[in-house]
Amino acid sequence: MEAMEAPHHQAPANTAAITVNSPEQMSELGRRLAKILRPGDLVMLTGELGAGKTTLTRGLGEGLGVRGAVTSPTFVIARVHPPLGAGPALVHVDAYRLGGGLDEMEDLDLDVSLPDSVIVVEWGDGKVEELSDDRLHVVIDRAVGDTADEVREVTLRGLGARWTEADLAALSA
């Protein structure tokens with residue numbers, strides 16, 4: 001049997017690694033990231049409990065200028081933060097308890113158009129990739145070695161044509 005070929009060519013990933021030393025720096029990274037996000041963007045966040053996924057998203061919300069305090073949507077699964085101005089809404093999803101896929105996202109009956117929003121999904125690996133060929137995957141790891149507990153290594157990996165030209169390395173500035 002021959003190996004199946006990928007259905008379409010995927011552009012190479014655009015990657016940047018950033019060391020974050022505190023929750024305040026994680027929020028600031030979110031605010032900087034918000035400046036390069038646009039409606040329809042999918043951001044997948046991966047990291048263990050307490051890694052800083054919600055802290056990063058809180059900064060994103062501040063940077064996007066959305067209404068409402070950004071908190072973990074663990075029990076509601078998804079929370080929509082409408083824009084205070086002309087920017088996109090922020091849809092914050094916790095996919096930990098979702099089986100996955102676009103159908104389940106649509107079943108959440110979010111009162112928002114996903115193409116007009118920035119979608120941030122915690123625990124989305126293997127569940128929401130089909131939402132978009134273009135996505136930003138943010139992996140947050142605790143630093144290894146003899147470091148303070150607040151230090152995180154954040155890897156940003158832009159996939160698809162949308163992220164080919166994005167200057168992800170500039171986010172560490």
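In this text the structure is predicted, and so the values were computed from the model without any measurement. (Residues numbered from 1 in each chain as written. Predicted model: local features only at pLDDT ≥ 70, side-chain atom pairs only at ≥ 80, totals over all residues. Heavy atoms only, no water.)

### Observations regarding the sheet that holds strand β4 (residues 89-94)
Piece 1. The 7 strands lie next to each other as β1-β7-β6-β2-β5-β4-β3, forming an open sheet whose pairing is mixed. The open sheet is flanked by β1 (14-20) and β3 (78-81), the only strands paired with a single partner. Looking at each pair of strands side by side, their axes are set apart by 15° on average, direction ignored.
Piece 2. Across 4 bridges, the pairing between strand β2 (residues 42-46) and strand β6 (residues 135-142) is parallel. The residue bridging V43 from the neighbouring strand is L136, located in β6.
Piece 3. Its contacts with the sheet put helix α1 (residues 23-34) on β1, β6 and β7 (152-159), and the angle it makes with β1 is roughly 150°.
Piece 4. Against the sheet, helix α2 (residues 53-64) makes contact with β2, β4, β5 (117-122) and β6, and its axis sits at roughly 170° relative to β5, the strand it touches most. (Pairing = 2+ DSSP bridges. Helix = DSSP H or I, 4+ residues; strand = E, 2+ residues; numbered from the N terminus. Axes fitted to C-alpha atoms, helices over the stretch in contact; angles between N-to-C directions. Contact = heavy atoms within 4.5 Å.)

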